[in-house]
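# What the coordinates show
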Amino acid sequence: SPGLIKIRGDRCWRDLTCMDFHYETQPVPNPVAYFLHQSPWWVHRGETLGNHFVELVVPFFIFLGRRMCVLHGALQILFQVILIISGNLSFLNWLTMVPSVACFDDATLGFLFPSGPGGLKYRVLKMQEEAARGALAPLRYGCMVRRAVHLALAALVAWLSVPVVLNLLSPTQIMNTSFNPLRIVNTYGAFGSITKERTEVILQGTAAPNASSPDAVWEDYEFKCKPGDPGRRPCLISPYHYRLDWLMWFAAFQTYEHNEWIIHLAGKLLANDASALSLLAVNPFEGRAPPRWLRGEHYRYKFSRPGGPHAAAGKWWLRKRIGPYFPPVSLRDLEDYFRSREWPHPAVDVD
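Since the model is a prediction, treat every value here as computed from it, not as a measurement.

### Things to note about the state of the cysteines
Structurally, a disulfide amounts to a covalent bond that connects the sulfur atoms of two cysteines. Inspection of every chain in the model, using the stated rule, returns two disulfides. One disulfide bridge connects Cys12 with Cys18, the sulfur atoms lying 1.7 Å from each other. Measuring the twist about the S-S bond at about 70°, one finds the Cys12-Cys18 disulfide to be right-handed. Within the protein, bonded cysteines paired by disulfides and numbered along the sequence follow the pattern 1-2, 3-4. Residue Cys69 stays outside any disulfide, its sulfur separated by 4.0 Å from that of Cys103, the closest cysteine.

See the structure below:
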């Protein structure tokens, strides 16, 4: 349960301050998150309480009769719509809405269908009347087999769910884990802890022959969605998912030693690799020779204040350099690094 993961995880979920940070530090903020972040503190406390109510209390509505079950479905879908509006969380929230549709019975959804003679609602009512009179034909062999298969699958899922339920009840609940090789029933929980500040890795290249020269001009690569240029508006891509941008968010609060793939990406960019460049929004070396050196710089990002001088200058973000994320590297420097990991050494794309 995401709700249990939260309440047992970061202290800010218990003292109701997590939403003070979430909009700014989530993986890929959208334009709405910029404005929601500026809300008063009491709004953020209400948002956190609302999150706990939907994730910890509302699920039990399913067992409290038809009306409460319908209310559960409506609240869950509304909650997911709010999450979709407030951030780029890929297709996760869209998929989460699908099971909630099962909470709405025929009587609830009947207004969506025509009720005249011959219409879908009319035919369903006739079938229900026949069923009530016992006029249905006896079960055929195929129906009996299908029911047996359904019962067998239900028993399998129930059996596989035992360790998942035990984990759910455990005070040391594990997040995002599979308990069997079939991966049919798993445990999931998002944002059990909230980062309190946003850091970003900015990849930069230079054509200078000497990377340590004070005259070297370093130019930024821009990703398709993640923050980079402080003047670029946050993107809106949900339910689409830019996986590389998402991974860069994780890399920013770790080190490159924990994310060796980022050095692999640097080698690809040094070689002007077309497939790697297609994942980016801006290649500062487009139409000319690839950079001789590439480095990663670590920055701290904060939203600008609406109406403030930075926002008036067109900046959505304020950023301050923390230090180097990884030092300047060249293709020659990376030869041994790639070879030790059995990665093919990138060849320079002259196109």
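Right, picking up where we left off after that structure.
### Observations regarding the packing of aromatic side chains
Enumeration over the complete set of coordinates arrives at 17 aromatic pairs. Ring centres of Trp249 and Phe250 lie 4.8 Å apart, and the angle between their planes is 70°; on these two criteria the pair is classed as edge-to-face. Judged by its relative accessible area of 32%, Phe250 is partly exposed. Seen in terms of ring centroids, Tyr325 and Phe326 are 6.3 Å apart; in terms of plane orientation they differ by 70°. Their pairing is edge-to-face.

### Remarks on the packing of helix H11 (residues 243–252) against helix H12 (residues 261–270)
As a packed pair, H11 and H12 sit with axes 11 Å apart at the nearest point and diverge in direction by 125°. In this view, H11 runs oblique relative to H12, as classed from their interaxial angle. Packed against H11, whose contacting residues are Leu244, Leu247, Met248 and Ala251, the element H12 presents Trp261, Ile262 and Leu265 at the interface. Taken together, the residues that form the contact of H11 with H12 break down as seven nonpolar, no polar and no charged.

### Observations regarding the UniProt feature "domain: Lipase maturation factor 1/2 N-terminal" (unreviewed entry) in the protein
As recorded in UniProt, the feature "domain: Lipase maturation factor 1/2 N-terminal" (unreviewed entry) lies at residues 3–109. Regarding residues 3–109, the helix share stands at 69% and the strand share at 0%, and the terminal C-alpha atoms are separated by 29 Å.

### Quick notes on the packing of helix H6 (residues 66–86) against helix H7 (residues 92–100)
Between H6 and H7, the shortest axis-to-axis distance is 9 Å and the interhelical angle comes to 170°. Judged by the angle between their axes, H6 and H7 are roughly antiparallel. Across from Gly73, Gln76, Ile77, Gln80, Val81, Leu83 and Ile84 in H6, the residues of H7 making contact are Asn93, Trp94, Thr96, Met97 and Ser100. Its residues placed into classes, the contact of H6 with H7 shows six nonpolar, six polar and no charged.

Calculation rules
Residues numbered from 1 in each chain as written. Predicted model: local features only at pLDDT ≥ 70, side-chain atom pairs only at ≥ 80, totals over all residues. Heavy atoms only, no water. Disulfide = S-S within 2.5 Å. Phe/Tyr/Trp six-rings, centres within 6.5 Å; stacked < 30°, edge-to-face > 60°. Buried < 20%, exposed > 50% of the residue type's maximum accessible area, 1.4 Å probe, protein only. Axes fitted to C-alpha atoms, helices over the stretch in contact; angles between N-to-C directions. Helix = DSSP H or I, 4+ residues; strand = E, 2+ residues; numbered from the N terminus. Parallel < 35°, antiparallel > 145°, perpendicular 65-115°, else oblique. Contact = heavy atoms within 4.5 Å. Nonpolar A, V, L, I, M, F, W, Y, C, P; charged D, E, K, R; others polar. UniProt positions renumbered as here; feature names shortened; annotations may be inferred.

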